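# Descriptive structure summary
The residues making up each chain are set out below.
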Amino acid sequence: MIRVEEYKLPQHDLPSEKFLHPKKVYLPLSQHIGKPSKELVSLGNLVDEGELIAKPEGKVSSSLHAPKKGKVVAIEYFPHPVLKRYKGITIECQEEEKKYFRTKDPSLLDKEKILQIIESAGIVGMGGAGFPTHIKLNPPKKIDTLIINGCECEPYLACDYRLMVENTQGVFGGVEIICKILQPKRVFFCIEENKPEAIKRFNSSISIKKYDLPSPQIVVLKSCYPQGGEKQLIYKVTKRKVPSGGLPFDVGCLVQNVATCFSIYQAVYYSKPLIERLVTFAGDSLFNPKNIWVKVGTLISELFEQGILQFKKELRKVILGGPMMGIALDSLDYPILKTTTGVLFLSQDRIDQEPEQECIRCARCVDVCPMGLLPLEFVKRVKRGEFEKLDEVFIKDCIECGCCSWGCPAKIPIVHYIKVGKLYGTHR
Amino acid sequence: MELIDSVAPHQRSKISIHWAMRQVITALIPAILASIILFREKALFLILNCSLSCLLTEEIILRIRRKPSQVKNCSAVLTGILLALVLPPSTKWYAATLGSVFAIFIGKQVFGGLGQNIFNPALIGRAFLVAAYPKMMTTWISPFTLDAITKATPLALRKFDQILTPLKDLFIGTVPGSLGETSALALIIGGIYLLIRKVIDWRIPLTLLLTTVIISSIFYFIQPLNGSPLFHIFSGGLLLGAFFMATDPVTTPVTKKGRYIFGVGCGILIMIIRYFSGLPEGVMYSIIFMNALVPLINRYTIPKPFGYER
């Protein structure tokens with residue numbers, strides 16, 4: 001565990017804004033873990049906002065909806081932030097905005113029906129991983145502890161914080177629905193201490209006893225990284241250790257991000273599929289860092305074209321996600337995905353390009369590794385090409401959180417070597 | 001607009017190799033000052049001699065090996081300072097230079113340079129000089145007076161004459177001994193600085209000191225003339241070794257468990273040599289011996305990761 005420079009201001013304390021009128025949206029068919037969705041529309045089709053345009057395929061998959069009313073103008077390969085290029089649907093959007101009304105009373109719905117709503121709303125884990133939520137909420141083992149993840153331990157990112165502050169009700173409504181499905185014995189809301197307003201609001205939401213939650217409890221955690229990592233969080237809260245290669249349900253736990261809870265609330269109460277999300281736009285190159293509700297599929301470049309965002313300093317690096325685990329992009333023409341928590345715009349001042357040096361075996365990487373691994377051994381073995389010797393130092397257990405690279409005085413990109421090692425190790 | 005591509009993490013801490021090396025040099029300032037106060041120009045010249053010789057040797061070898069210069073990292077300078085601090089003040093200039101060349105060339109560069117050496121280079125330099133100039137390396141002078149009359153170190157007095165030097169003199173450093181070893185106070189200040197700035201890990205110095213305290217307590221209980229635990233900690237090269245030699249990242253274990261073993265091992269060996277060998281002091285040989293065991297210690301202490309233990 002490490003304490004990183006947070007860079008959360010000013011976006012942390014600014015009310016979120018909205019940008020829901022993109023001219024075009026690009027919707028990759030793969031925005032989640034599992035099989036890509038299968039498109040249901042063809043070129044020239046007119047689609048309504050919220051209309052299903054791609055259906056899940058295979059067991060682990062998700063659906064995709066039109067974020068705006070408009071016309072399908074292309075179904076082709078285009079830049080994808082994670083997969084480099086992937087097939088997707090392009091919609092030319094119309095101005096018209098759809099109104100959502102409170103439709104369903106979830107108290108009348110049973111578990112199966114709610115899961116079906118979540119599935120057909122295309123909800124996936126919005127903290128970054130993108131695992132289809134309807135599958136996660138239907139685990140093969142009994143869950144006794146539900147953990148709501150409001151840690152947001154990555155620097156810069158503040159969208160979860162704004163959501164917790166501005167949409168406390170919605171988040172709690174979502175948690176209530178999850179409790180209905182899982183019937184856990186207890187719910188923990190985990191928030192880092194650098195989010196005082198969220199802690200306050202969550203505390204009062206619990207004390208009014210408006211929500212039907214089994215022994216809810218706020219857990220205020222010291223800010224550190226990678227606090228929000230699933231295994232780390234479960235251990236911190238319950239002292240249970242998810243076994244190597246196992247999943248949280250193996251220890252009776254389930255971790256859900258606050259943004260996902262909010263989307264569940266919107267899907268169940270308002271029949272609104274996952275077509276928008278709150279995204280942090282920040283970084284020292286930006287004149288006006290802020291959190292914006294955007295339609296899934298909006299191009300990052302469009303926010304600049306429309307004047308929503310402006311530059312202050314020369315842009316040198318764009319990161320999708322947080323700085324510790326995010327991906328560097330080569331242009332602004334990438335779409336916001338369901339899993340996009342933030343986009344960071346950095347100038348030269350925030351970029352560390354110190355060249356890699358020889359490892360001095362100081363073992364700082366060992367001391368900070370949250371998984372108790374020996375990162376320097378991965379580097380040594382990968383450099384020597386000894387891929388067969390990577391398993392004896394447990395490379396598979398690495399979660400690629402980046403703590404080791406962060407603290408390396410020799411500036412070795414340790415995570416990069418680990419990724420190479422995992423790749424060659426499995427294709428051996 | 002050219003955007004920089006790189007792998008995560010995109011944010012890194014400010015610490016670097018030269019930061020760590022400079023911190024260690026900073027932490028040695030009290031000891032350097034103490035040595036200059038105690039042994040005057042002899043100390044100053046030896047420290048300058050060794051650090052320059054080490055730096056030059058390293059740069060020449062790097063040039064021959066067609067490797068980039070390491071001046072910025074201060075690693076060779078640190079080796080030079082450490083070597084000077086473990087030499088007797090009356091060491092001749094040519095011996096100091098030769099020891100420095102040996103420390104860098106044989107102690108470090110033949111293994112492949114920074115990060116590759118098995119033994120602590122400064123200690124290798126001293127070991128070489130003990131073998132090459134046994135007389136010079138066991139000739140000690142009194143601080144301040146710097147007269148040519150040969151004195152015995154507190155550890156030698158204990159061992160061969162059963163005379164215990166007062167703790168106050170050991171603490172301040174007004175006793176015969178190597179340049180930077182005599183003042184316990186200066187070394188403790190430096191050691192605490194390193195621990196507070198998190199330049200070194202606490203495991204090795206703490207276990208090393210604890211082990212020596214426990215062993216010397218037992219022997220002190222049996223026979224007070226064996227010296228009290230504080231006598232053993234404040235005398236000889238123990239503090240310099242515990243804080244500055246046994247914490248050298250390159251030559252010590254990477255696993256946490258391994259660091260405990262290393263510290264305890266050093267402590268046991270030091271006390272064995274002090275009590276049972278023909279030598280009055282054993283910090284250098286203990287650390288060199290434990291350095292040799294590091295690959296083995298590392299291999300047998302690979303930790304079970306999170307999620308394996310029951």
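### Section: the overall build of chain B
What chain B contains, in helices and strands, is twelve helices and zero strands. Moving toward the C terminus, one meets the helices and strands of chain B in the order α-α-α-α-α-α-α-α-α-α-α-α. In terms of C-alpha radius of gyration, chain B reaches 20 Å, essentially the compact-globule figure of 19 Å for 310 residues. Taken over the C-alpha atoms alone, chain B extends approximately 75 × 55 × 30 Å along its principal axes. For chain B, the proportion of its 310 residues judged to be buried stands at 52%. Expressed as a percentage of contacts within chain B between residues at least 6 apart in sequence, the contacts between residues at least 24 apart total 72%.

### Section: the overall build of chain A
Looking only at helices and strands, chain A features twelve helices and 17 strands. Its C-alpha atoms give chain A a radius of gyration of 21 Å, within 12% of the compact-globule value 22 Å for 428 residues. Burial statistics for chain A: of 428 residues in total, 54% are counted as buried. By sequence separation, contacts in chain A at least 24 residues apart represent 72% of the contacts at least 6 residues apart.

### Describing the sheet that holds strand 3 (residues 38-39) of chain A
Residues and elements named next belong to chain A. Taking strand neighbours across the sheet as the criterion, the three strands line up as 3-5-6 in an open arrangement whose pairing is antiparallel. A single partner strand is all that each edge strand has here, and the edge strands are strand 3 and strand 6 (64-65). Here two bridges tie strand 5 (residues 52-55) to strand 6, and the two strands are oriented antiparallel to one another. The partner of Leu52 across the bridge, within strand 6, is His65.

### With respect to the interface of chain B and chain A
Taken together, the contact pairs 31 residues of chain B with 51 residues of chain A. With three residues, the single largest contributor to the side of chain B that touches chain A is helix 1 (residues 17-64) of chain B. Grouping the constituent residues of the side of chain B that touches chain A by class yields 19 nonpolar, eight polar and four charged.

### A few points about the packing of helix 1 (residues 111-120) of chain A against helix 7 (residues 258-270) of chain A
Residue and element names in this part refer to chain A. Where helix 1 contacts helix 7, the two axes come as close as 9 Å, and the packing angle between them is 110 degrees. With respect to their mutual orientation, helix 1 and helix 7 come out roughly perpendicular. Mapping the contact onto sequence places Ile114, Ile117 and Ile118 in helix 1 and Ile264, Ala267 and Val268 in helix 7.

### With respect to unusual backbone geometry
In this chain, Leu9 of chain A is followed by Pro10 of chain A through a cis amide linkage whose omega measures 5 degrees. Examined against the element boundaries, Pro10 of chain A turns out to sit in the segment before strand 1 (17-19). One non-glycine residue, Ser271 of chain A, lies in the positive phi region at around 55 degrees. Mapped onto the elements, Ser271 of chain A comes out in the loop between helix 7 and strand 13 (276-282). One non-glycine residue, Arg66 of chain B, adopts positive backbone phi at about 55 degrees. Overall, the presence of 6 C-beta atoms within 10 Å leaves Arg66 of chain B in the exposed class.

### Re the nonpolar core
Ranked by size, the top nonpolar core spans 211 residues in total, and within it Ile147, Ile148 and Ile414 of chain A together with Ile81 and Ala84 of chain B carry the most contacts. When residues of this core are assigned to their parent elements, the largest contribution, 17 residues, is made by helix 1 of chain B.

### Thoughts on the domain arrangement of chain A
Residues and elements named next belong to chain A. By domain assignment, chain A separates into domain 1 (106-270) and domain 2 (364-426). On the domain 2 side, the residues contacting the five residues of domain 1 number five residues. Class assignment of the residues belonging to the side of domain 1 that touches domain 2 gives a composition of two nonpolar, three polar and no charged.

### Observations regarding helix 10 (residues 238-245) of chain B
Counted residue by residue, helix 10 of chain B has eight buried out of eight residues, so it is predominantly covered. All buried positions along helix 10 of chain B are accounted for by Leu238, Leu239, Leu240, Gly241, Ala242, Phe243, Phe244 and Met245 of chain B.

### Description of the packing of helix 1 of chain B against helix 2 (residues 75-85) of chain B
Packed helices, taken two at a time, are described by the angle between their axes plus the distance between the axes. All names here are of chain B. For the pair helix 1 and helix 2, the least separation of the axes is 4 Å and the interaxial angle reads 140 degrees. Classified by the angle their axes make, helix 1 and helix 2 are oblique. By crossing handedness, the relation of helix 1 to helix 2 is classed as right-handed. For the contact of helix 1 with helix 2, the residue count by class is 18 nonpolar, six polar and one charged.

### Some thoughts on the domain arrangement of chain B
Residues and elements named next belong to chain B. What the domain assignment reports for chain B is domain 1 (17-132) and domain 2 (159-177 + 199-300). Each partner contributes residues to the interface: domain 1 has 17 residues there, and domain 2 has 15 residues. Breaking the side of domain 1 that touches domain 2 down by element, the ones donating at least two residues are helix 1, helix 2 and helix 4 (121-132). With six residues, the single largest contributor to the side of domain 1 that touches domain 2 is helix 1. Split into classes, the residues belonging to the side of domain 1 that touches domain 2 amount to twelve nonpolar, four polar and one charged.

### Considerations on the environment of Ile273 of chain B
Secondary-structure assignment places Ile273 of chain B in helix 11 (residues 256-276). Along the sequence, Ile273 of chain B and Ala27 of chain B sit 246 residues apart, while their C-alpha atoms lie 28 Å from each other.

### Considering the confidence of the model for chain B
Confidence in the prediction of chain B, expressed as mean pLDDT, is 92, and 98% of residues score 70 or more. Per the prediction output, this complex has pTM 0.89; the corresponding ipTM is 0.89.

### Details of the sheet that holds strand 11 (residues 216-221) of chain A
All names here are of chain A. An order of 11-10-9-12 is seen for the four strands of this open sheet, with the pairing classed as parallel. Taken across any chain shown, the strands that pair with only one partner, and hence form the sheet edges, are strand 11 and strand 12 (253-257). Pairwise comparison of adjacent strand axes, ignoring direction, gives a mean angle of 25 degrees for this sheet. Sheet topology note: the strand 10 (residues 186-192)/strand 11 ladder contains six bridges and is parallel. Among the inter-strand pairings, Phe189 is bridged to a residue of strand 11, identified as Ile218.

### Observations regarding the environment of Val4 of chain A
With respect to the element layout, Val4 of chain A can be found in the segment before strand 1. Its 23 C-beta neighbours within 10 Å are what place Val4 of chain A among the buried residues. Along the sequence, Val4 of chain A and Cys403 of chain A sit 399 residues apart, while their C-alpha atoms lie 9.3 Å from each other. When residues no more than four places from it in sequence are discounted, the contact partners of Val4 of chain A are Pro155, Tyr225 and Trp406 of chain A together with Gln11 of chain B.

### Examining helix 1 of chain A
Residues and elements named next belong to chain A. When we look at burial in helix 1, the residues that qualify are Ile114, Ile117, Ile118 and Glu119. Residues of helix 1 that are buried sit in contact with helix 2 (133-136), helix 4 (168-182) and helix 7. Looking one or two residues past helix 1, Gly122 carries a phi angle of roughly 70 degrees, positive in sign.

### Re the pairing of strand 2 (residues 24-28) of chain A
Residues and elements named next belong to chain A. With four of its five residues buried, strand 2 lies for the most part within the structure. Sheet topology places strand 2 next to strand 8 (residues 84-93); five bridges connect them, and they run antiparallel. If you follow Leu27 over to strand 8, its bridge partner there is Ile89.

### Brief notes about the pairing of strand 12 of chain A
All names here are of chain A. The element strand 12 is extensively covered by neighbouring structure, given that five of its five residues are classed as buried. Burial along strand 12 is two-sided: the face carrying Cys253, Val255 and Asn257 and the face carrying Leu254 and Gln256 are both buried. Sheet analysis places strand 9 (residues 145-150) next to strand 12, joined by five bridges and oriented parallel. Bridge pairing in strand 12 links Asn149 to Asn257.

Rules used throughout
Residues numbered from 1 in each chain as written. Chains lettered and ligands numbered in written order. Predicted model: local features only at pLDDT ≥ 70, side-chain atom pairs only at ≥ 80, totals over all residues. Helix = DSSP H or I, 4+ residues; strand = E, 2+ residues; numbered from the N terminus. Rg over C-alpha atoms; globule rule 2.2 N^0.38 Å. Buried ≥ 20, exposed ≤ 12 C-beta atoms within 10 Å, placed from the backbone. Contact = placed C-beta atoms within 7 Å. Pairing = 2+ DSSP bridges. Nonpolar A, V, L, I, M, F, W, Y, C, P; charged D, E, K, R; others polar. Axes fitted to C-alpha atoms, helices over the stretch in contact; angles between N-to-C directions. Parallel < 35°, antiparallel > 145°, perpendicular 65-115°, else oblique. Core = buried A, V, L, I, M, F, W, Y, C linked by C-beta atoms within 7 Å. Domains from an automatic or database assignment. Left-handed = near helix turned anticlockwise from the far one by under 90°. pLDDT = per-residue confidence, 0-100.

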